[in-house]
Protein chains: 2
Amino acid sequence: MLTRPSPDGGATETALTRLAQMLGPRVSRAAGVLADHGRSEAYHAASPPDLVVFPETTEEMRGIVTICRDLRLPIIPFGAGTSLEGNASAPHGGVCIDMSRMDKVLATSPEDMDVRVQPGITRKQLNAQLRDTGLFFPIDPGADASIGGMASTRASGTMAVRYGTMKDNVLGLEAVLADGRVIRTARRARKSAAGYDMTRLLVGAEGTLGVITEVTLKLHPQPEAISSAVCAFPDLKSVVGTAIAVIQSGVPVARIELLDAVMMRGMNLHAKLGLPEAPHLFFEFHGSKGSVAEQAETAQALAGEFGGQDFAWATAPEERSRLWQARDNTLYAGLALRPGARALVTDVCVPISRLAECLVATAADIAESGLVAPVVGHVGDGNFHLLVLHDPASVEEVARVKAFNERLVRRAIALDGTCTGEHGIGLGKIDFLELELGETVDAMRLVKQALDPLGIMNPGKIFRSSAQMGGAR
Amino acid sequence: MLTRPSPDGGATETALTRLAQMLGPRVSRAAGVLADHGRSEAYHAASPPDLVVFPETTEEMRGIVTICRDLRLPIIPFGAGTSLEGNASAPHGGVCIDMSRMDKVLATSPEDMDVRVQPGITRKQLNAQLRDTGLFFPIDPGADASIGGMASTRASGTMAVRYGTMKDNVLGLEAVLADGRVIRTARRARKSAAGYDMTRLLVGAEGTLGVITEVTLKLHPQPEAISSAVCAFPDLKSVVGTAIAVIQSGVPVARIELLDAVMMRGMNLHAKLGLPEAPHLFFEFHGSKGSVAEQAETAQALAGEFGGQDFAWATAPEERSRLWQARDNTLYAGLALRPGARALVTDVCVPISRLAECLVATAADIAESGLVAPVVGHVGDGNFHLLVLHDPASVEEVARVKAFNERLVRRAIALDGTCTGEHGIGLGKIDFLELELGETVDAMRLVKQALDPLGIMNPGKIFRSSAQMGGAR
C-alpha cells in the first residue's frame, strides 16, 4: 500500500506510529537524540533527522526501509558518527537508522581468516573480540568508527599501505535495497568472478544505494613481531623521497606516516612527545622477528640517504602504543595549537610522484593565506590531511578556509589526484566529484536511479538530492 | 540518427559500409576471420560474429560503438581468445572488436608503480616491456591473456594469494559506454573515496556494461630473491592442511598450488618432471634473500607436520622456470592423459576451511562417474580446477561431464562457495549465477539495464540476452 504523504509532515507522524508498532521504545524523536544524530565532527552545519530508530535485526531493517519507502521518507544510516563530510547528517530530515544495537560478531572462521559482523560494531570492539584468535582487522582510520560506516565511506587510514582499504577487506555484504529486498552480495569464497561486483558497488556508496545489515571482513594474522620507528627530516621533499624509496625497495611497511613540523609542535603540546619540531616519518613494521629487524634496517639506510636524522626504533609495546596513540590523536593535537578552534580536515590524495610538489605548493598557500594547518599524511598512498584551524563563528575565516580547501582540491586534481582519499563525498564534495570525474558521475547517477528510483536512500549525499521525497523540507 | 535495421540483416551491411569508411581495411567479414573469433578454448559451440573490427584508438572505439548502437547490433570485445566460458563468443552475431592492435603501453610511472596500457596488450608483452623498470605485473592466469580480457573476467591465477586479483590491481579504466560516452573511472591516485567504484563495476562485467579502452594497473617491485619448492603429500587433506597453516603463519607465500596425483601423472608425461605421482604442493616465495630462505623453512616445517615428503627447494632460475612452466601448461598436461580429448575446465572456489571436504567429495564423484579429471588448485584461495576430459563428439560423454560439473557447482555453493573463482559467467554459468546469488542478480540486472538499455553490449553473457537487438539471429 502506497500512501502519498501530506506536505505538512503527516508522513513523519504516520512513520512514527508504524515504527513504534514494530520497535516499541526503539524509536525516538526526543530533541536530544535528534540533535546527537545531526551533529558532525566536521565543519558542516548540524542537520538533525525527524526520527531516530535503533533496529537490532535485518528483518527490522527491512521493515524500516519498507515503511520509509511507502511514505517517501529519507533513510539515513548512522554508525559511530565519526565521518567528516556530513555523510550521516539529515539535510532533508527523515529517519536516521542508528546502528549501535547491531553490534554483534555473527561468525568467526579462523581457518578462513574471516568474520561476519553486524554493521554497528566498531573496529576496536571487533579487535577486542578477535584477540584470542591470532587474527586481527587492520584498517585503522584513527577514530573508532563502525565497520558499516567504514565500509560505506571506503575508509582506509594508516595501515592501508600494507593491508589495503575497505574495498580490499570486505568480502561480502548483506544489504536492504530501496525496494525492501534483502541481498547478499557474495558468498564466503575468498574470490569470485560471478557477475558484477555488487560488494564493491556498495562499499563507498555512503548508504545511497542500500542499507548495510551485515559485513563479512577479511582478517589478517597478528604479526609475530611489531616494531616502530621515528625519524626527523630536513624538509618535506626528503620525507616523500624516503617513502618512495622504502616502498620501491619492497619493504612491506605496515605504516608510514608523515607529520609536518607544525603537527609535531601540536603533538609535543598534546602528548608530550618531546620530539624535534621538524617533518617526521613514523614507521611500523610487521613480520617475523628477523623480518622486522631487516625492514627497519633497510628503512633506516634509505632515510639516511635523504638526510633523515635520529632514526629511533622501538619494539616494546608501551613505547609503540604511546607513539601510535599520539598519531591517532592528531586531530586533538592539531586543535591544541589554537584552543577553541575547529578544524576543516582536508583529504586529497595524489600519485606519490606528485606528492612532494603538492605538499610544497600547499605549504606556500597556507603561509600566504595566513592559516595554521598542521599536516598528517598516509604518505605511502599519497594521501594527506590538513587540519585547517579556524573560528567557526567567523564568517571571514570560514570563507578563507573553504577557499583554501577548494584551491587544494583543484591542485590535487590537476596532479591527477582525487578530492577524497578516504572520507567520501558526503555533503561537502559534491561539486569536487564532478570536477574530478566529469561524465563518470553521470554513469554513477544512472546506477543510483536504477537502484533507488524514489531517491530516499541518504538523499543529498554524493549527488544533490532529487525532489522525490515526500518528507523533504 | 537512429535507423531501425530490417530483420533480413540489412543492419550488418550498413554497419560494414560505415565501419569501412572509418577503419578502411581494418574491418573484415572473411570466413576465416569470423571463425577465428567465434571459436572457444572451452566446450562451448563456436558462435562467430558477423563482422570483426580492429580499432587502434579510443576515438575509433567510440565510433564503432555509436554505429552499433544506431543499428542495434551486438558489440563483443575480444582480447586474446583465452577465456573459458564463451565470454567472447557471438551467440547473437554482431560486431566483434578485436583488441590486438590496441596493444600499447601508454605511460609508465616507476615512482608511482603504475602503468597505463591499451587493453589488447598481453600480460607477457607487458612484463617484457617492464623488465628494466624493476617492477612487474604479477597476475598470472596461466594463459597469455590480454589485460583487457583479464580485467573483464576479473582474472586471478597462481599469484592471487599474494598479489590479489584483477579487482585489486586495476587502478582505473577508460571505457566507452553503450551510449557512446567515454568515461575515465578514476584518476591516478592510489586510492579514492570519490563516489561509486565504477572501476570495480567494470572489472568482471565481461564487456556487458561498456568496452574497456585503457587500463591503469598497479605494479609491484620485482622481488630481490625468488625461490620455489615442491613437496609430495599422502592425501588431499594434508595438502589443504599445510596450505592453511602456511597462510595462517603469516608467510607471504607468492604461489601455493595444489596438483593431484592424476595431474602429476599428466605433467610427468607432458613435461618429464619425474616427480612422484602423489598430491603435491608447488610453492614460490618472493622477498629478500633472507626472507625467502626463512619462508621456505617455515613452509617446510609445516609441511612436515602434515606428512609432506621430499620437500625440495630451488633458487636457480632455470629450475624454477621449468617447474612453473610445467604448471602453466597443466591444460596440455591434462590433455596428455587422453590424446584427442577435450577438457571442460571447472572453476569453483570455496572457503578454505571447506576445501578438503569439497575436494574429497569431488574425487569420489569423479570415480563414481567413471571420468578422468586431473585437479590443479590455487589452494591458498580455495579455488581449484578440474580438467574433465571427454570426447566432444560423444553426446553421452558430454552430458555426463556437464552433469558432473553441475553437481560440483551445487556442492561448492552448498559449502558457501562460488561457481566461478576466476573464469567468469560467460555463456556457461548463467543459471549457476542465479543459484549462487539469487535476488542479487536482479540488482545486477537493474544496473545492466541502466547502463545498456538497448542490450547491445556483449549480449547473452552473464544474463540471458533481452530481445532488443536488431541484428539478433
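Residues numbered from 1 in each chain as written. Chains lettered and ligands numbered in written order. Predicted model: local features only at pLDDT ≥ 70, side-chain atom pairs only at ≥ 80, totals over all residues. Heavy atoms only, no water.

An unreviewed UniProt entry annotates chain A as D-lactate dehydrogenase (cytochrome) of Bosea eneae. Turning to chain A, the UniProt record has this under Cofactor (unreviewed entry): "FAD". Turning to chain A, the UniProt annotation filed under Sequence similarities (unreviewed entry) states: "Belongs to the FAD-binding oxidoreductase/transferase type 4 family." (UniProt positions renumbered as here; feature names shortened; annotations may be inferred.)

### Observations concerning the side chain of Asp140 of chain A
Its location among the elements puts Asp140 of chain A in the loop between strand S7 (135-136) and helix H5 (147-152). When residues no more than four places from it in sequence are discounted, the contact partners of Asp140 of chain A are Arg123, Ser156, Gly157, Thr158, Arg255 and Asp328 of chain A. (Helix = DSSP H or I, 4+ residues; strand = E, 2+ residues; numbered from the N terminus. Contact = heavy atoms within 4.5 Å.)

### Brief notes about the relation of the copies chain A and chain B
Of the transformation superimposing chain A on chain B, the axial component is 0.0 Å and the angular component is 180°, with the fit at an RMSD of 0.0 Å. The operation mapping one copy onto its partner corresponds to a two-fold rotation axis. With an isologous cut-off of 70% or more, the 100% of interface residues of chain A that recur at the interface of chain B puts this contact in the isologous class. (Least-squares fit on C-alpha atoms with pLDDT ≥ 70 in both.)

### A few points about the packing of aromatic side chains
One pass over the full model with this rule turns up 10 aromatic pairs over all chains. Ring plane angle 85° and centroid distance 5.6 Å describe the contact between Phe136 of chain B and Tyr163 of chain B, whose orientation is recorded as edge-to-face. A residue pair is termed long-range when its members are at least 10 positions apart, and Phe136 of chain B in strand S7 (residues 135-136) and Tyr163 of chain B in helix H6 (residues 160-163) qualify at 27 residues. In this structure, Phe136 of chain B and Tyr163 of chain B share a single accessibility class: buried. Between Phe283 of chain B and Phe311 of chain B, the ring centres sit 5.8 Å apart and the planes meet at 45°, which makes this aromatic pair tilted. Here Phe283 of chain B is found in strand S14 (residues 280-287), whereas its partner Phe311 of chain B is found in strand S15 (residues 309-314), with 28 residues between them in sequence. Through successive ring pairs, a cluster of aromatic residues spans Phe283, Phe285 and Phe311 of chain A. Over the aromatic face of Trp324 of chain A sits the side chain of Arg255 of chain A, whose NZ or CZ is 4.4 Å from the ring centroid. (Phe/Tyr/Trp six-rings, centres within 6.5 Å; stacked < 30°, edge-to-face > 60°. Buried < 20%, exposed > 50% of the residue type's maximum accessible area, 1.4 Å probe, protein only. Lys NZ or Arg CZ within 6 Å of the ring centre and 35° of its normal.)

### Things to note about the sheet that holds strand S17 (residues 375-378) of chain B
All names here are of chain B. Spatial strand order, S15-S12-S14-S13-S17-S18-S16: seven strands in an open sheet with antiparallel pairing. The open sheet has two free edges, formed respectively by S15 and strand S16 (342-345), since each of these has just one partner strand. Between one strand and the next, the sheet's axes are offset by a mean angle of 20°, whatever the strand orientation. For S17 and strand S18 (residues 383-390), the ladder comprises four bridges, and the chain directions are antiparallel. From the neighbouring strand, His378 faces S18, where its bridge partner is Asn383. Sheet contacts for helix H14 (residues 355-369): strand S13 (255-259), S17 and S18; angle to S18, the most-contacted strand, approximately 5°. On the sheet, helix H15 (residues 395-414) packs against S16 and S18 and is oriented at approximately 165° with respect to S18. (Pairing = 2+ DSSP bridges. Axes fitted to C-alpha atoms, helices over the stretch in contact; angles between N-to-C directions.)

### Side note on a negative patch on the surface
On the surface, a cluster of negative charge is contributed by Glu224, Glu294 and Glu297 of chain A together with Glu224, Glu294 and Glu297 of chain B. Residue assignment for the negative patch shows that the elements contributing at least two residues are helix H11 (289-305) of chain A together with helix H11 (289-305) of chain B. The topology assignment puts Glu224 of chain B in the loop between strand S11 (220-221) and strand S12 (225-232). With a relative accessible area of 59%, Glu224 of chain B lands in the exposed category. (Patch = residues over 30% accessible without salt bridge, like charges linked within 9 Å, V, L, I, M, F, W, Y side chains within 5 Å. Areas by Shrake-Rupley, 256 points an atom, 1.4 Å probe, with all protein chains shown as cover. Salt bridge = Lys/Arg side-chain N within 4 Å of Asp/Glu carboxyl O. Lys, Arg positive; Asp, Glu negative; His and termini not counted. Charge placed at Lys NZ, Arg CZ, Asp CG, Glu CD.)

### Examining the environment of Ser227 of chain B
Residues and elements named next belong to chain B. Relative to the helices and strands, Ser227 resides in strand S12. On a C-alpha basis, the gap between Ser227 and Asn458 in space is 42 Å, while along the polypeptide they are 231 residues apart. Excluding its chain neighbours within four sequence positions, the residues that come into contact with Ser227 are Phe283, Glu284, Phe285, Val292, Trp313, Ala314, Thr315 and Arg320.

### Description of the UniProt feature "domain: FAD-binding PCMH-type" (unreviewed entry) in chain A
Residues annotated by UniProt as "domain: FAD-binding PCMH-type" (unreviewed entry) correspond here to residues 45-222 of chain A. Helix makes up 23% of residues 45-222 of chain A and strand 25%, with an end-to-end C-alpha separation of 41 Å.

### Looking at the domain arrangement of chain A
Residues and elements named next belong to chain A. The domains assigned to chain A are domain 1 (10-100), domain 2 (105-221), domain 3 (225-333) and domain 4 (338-431). Taken together, the contacts link nine residues of domain 2 with 11 residues of domain 3. Summed over both sides, the interface of domain 2 with domain 3 buries roughly 800 Å², with 53% coming from carbon and sulfur. Summed over the three residues of domain 2 that lose the most area to domain 3, namely Thr158, Val161 and Arg162, the buried surface amounts to 63% of that side. At the junction of domain 2 with domain 3, the criterion picks out one salt bridge. Notably, a salt bridge pairs Asp140 with Arg255, separated by 3.0 Å at the nearest N-O pair. At the surface where domain 2 touches domain 3, the tally comes to five residue pairs in polar contact (both at pLDDT 80 or more). Ranked by the residues each element gives to the side of domain 2 that touches domain 3, the list is headed by helix H6 (residues 160-163), at three residues. (Domains from an automatic or database assignment. Buried area = accessible area lost by both parts, 1.4 Å probe. Polar contact = N/O pair within 3.5 Å; in protein donor to acceptor, adjacent residues only side chain to side chain.)

### Points about the nonpolar core
A general feature of soluble globular proteins is that nonpolar side chains tend to end up buried together. One finds Met166 and Phe283 of chain A together with Met166 and Phe283 of chain B to be the most contacted residues of the largest nonpolar core, which totals 186 residues. If sequence neighbours within four positions are ignored, Met166 of chain B has contacts with Phe137, Ile139, Ile147, Met150, Ala151, Arg154, Ala155, Val203 and Leu217 of chain B. (Core = buried A, V, L, I, M, F, W, Y, C linked by side-chain atoms within 4.5 Å.)

### Thoughts on the sheet that holds strand S3 (residues 75-78) of chain B
Residues and elements named next belong to chain B. Overall, mixed pairing links the four strands, which are arranged S1-S2-S4-S3 in an open sheet. Since the sheet does not close on itself, it has two edges, and those belong to strand S1 (27-28) and S3, each with one partner. Pairing of S1 with strand S2 (residues 51-53) involves two bridges; the strand directions are antiparallel. Across the sheet, Val27 pairs through a bridge with Val53, a residue of S2. Strands in contact with helix H1 (residues 10-23) are S1, S2 and strand S4 (95-98); relative to S2, the strand with the most contacts, it is inclined by about 20°.

### Considerations on the confidence of the model for chain A
Residue and element names in this part refer to chain A. Per-residue confidence for chain A averages 94 on the pLDDT scale, and 96% of its residues sit at or above 70. Counting interchain partners and residues more than four positions distant, the pLDDT-below-50 stretch residues 1-8 has 12 contacts. Across residues 467-473 the pLDDT falls below 50, and counting only partners more than four positions away or on other chains, this stretch makes 23 contacts in the model. (pLDDT = per-residue confidence, 0-100.)

### Thoughts on the pairing of S13 of chain B
Residues and elements named next belong to chain B. The buried fraction of S13 amounts to five of the five residues, a majority that puts the element mostly inside the structure. Here S13 shows two buried faces, one formed by Arg255, Glu257 and Leu259 and the other by Ile256 and Leu258. As judged from the five bridges shared by S13 and S14, these two strands associate in the antiparallel manner. Across the sheet, residue Leu258 finds its bridge partner in S14, namely Leu281. Pairing geometry for S13 and S17, over three bridges, is antiparallel. Paired with Leu259 across the two strands is Val376, which belongs to S17.

### Focus on the packing of helix H14 (residues 355-369) of chain A against helix H15 (residues 395-414) of chain A
All names here are of chain A. For the pair H14 and H15, the least separation of the axes is 11 Å and the interaxial angle reads 160°. When the axis of H14 is compared with that of H15, the two are roughly antiparallel. Of the two possible hands of crossing, H14 and H15 adopt the one that is right-handed. The segment H14 lies against H15, with Cys358, Ala361, Thr362, Asp365, Ile366 and Ser369 engaging Arg400, Phe404, Arg407, Leu408 and Arg411. Taken together, the residues that form the contact of H14 with H15 break down as five nonpolar, two polar and four charged. (Parallel < 35°, antiparallel > 145°, perpendicular 65-115°, else oblique. Left-handed = near helix turned anticlockwise from the far one by under 90°. Nonpolar A, V, L, I, M, F, W, Y, C, P; charged D, E, K, R; others polar.)

### Comments concerning the pattern of salt bridges
Throughout the structure, instances matching the rule amount to 74 salt bridges over all chains. Between Arg255 of chain A and Glu284 of chain A there is a salt bridge, with its nearest N and O atoms 3.3 Å apart. Linking Arg255 of chain A in strand S13 (residues 255-259) with Glu284 of chain A in strand S14 (residues 280-287), this pair joins segments that are 29 residues apart in sequence. The pair formed by Arg255 of chain A and Glu284 of chain A is uniform in burial state, with each residue classed as buried. Among the salt bridges present, the one from Asp365 of chain A reaches Arg407 of chain A, with a minimum N-O distance of 2.8 Å. Residue Asp365 of chain A is located in helix H14, and its partner Arg407 of chain A is located in helix H15; the two are separated by 42 residues in the primary sequence. When salt bridges that share partners are traced, they join Asp179 and Arg181 of chain A together with Glu434, Glu439, Asp442 and Arg445 of chain B into one network.

### Looking at the interface of chain A and chain B
Note on interface size: it is often stated as the accessible area lost on association of the parts. With 82 residues of chain A at the contact, the number on the chain B side is 82 residues. Considering only the side of chain A, the residues that lose the most area to chain B are Arg187, Lys191 and Tyr196 of chain A, jointly responsible for 15% of the buried surface there. One can count 12 salt bridges joining chain A with chain B. Here Lys191 of chain B makes a salt bridge to Asp381 of chain A, at a shortest N to O gap of 3.6 Å. Considering each element in turn, the side of chain A that touches chain B owes the most residues, nine residues, to helix H17 (residues 440-451) of chain A. In terms of residue class, the side of chain A that touches chain B is built from 35 nonpolar, 25 polar and 22 charged.

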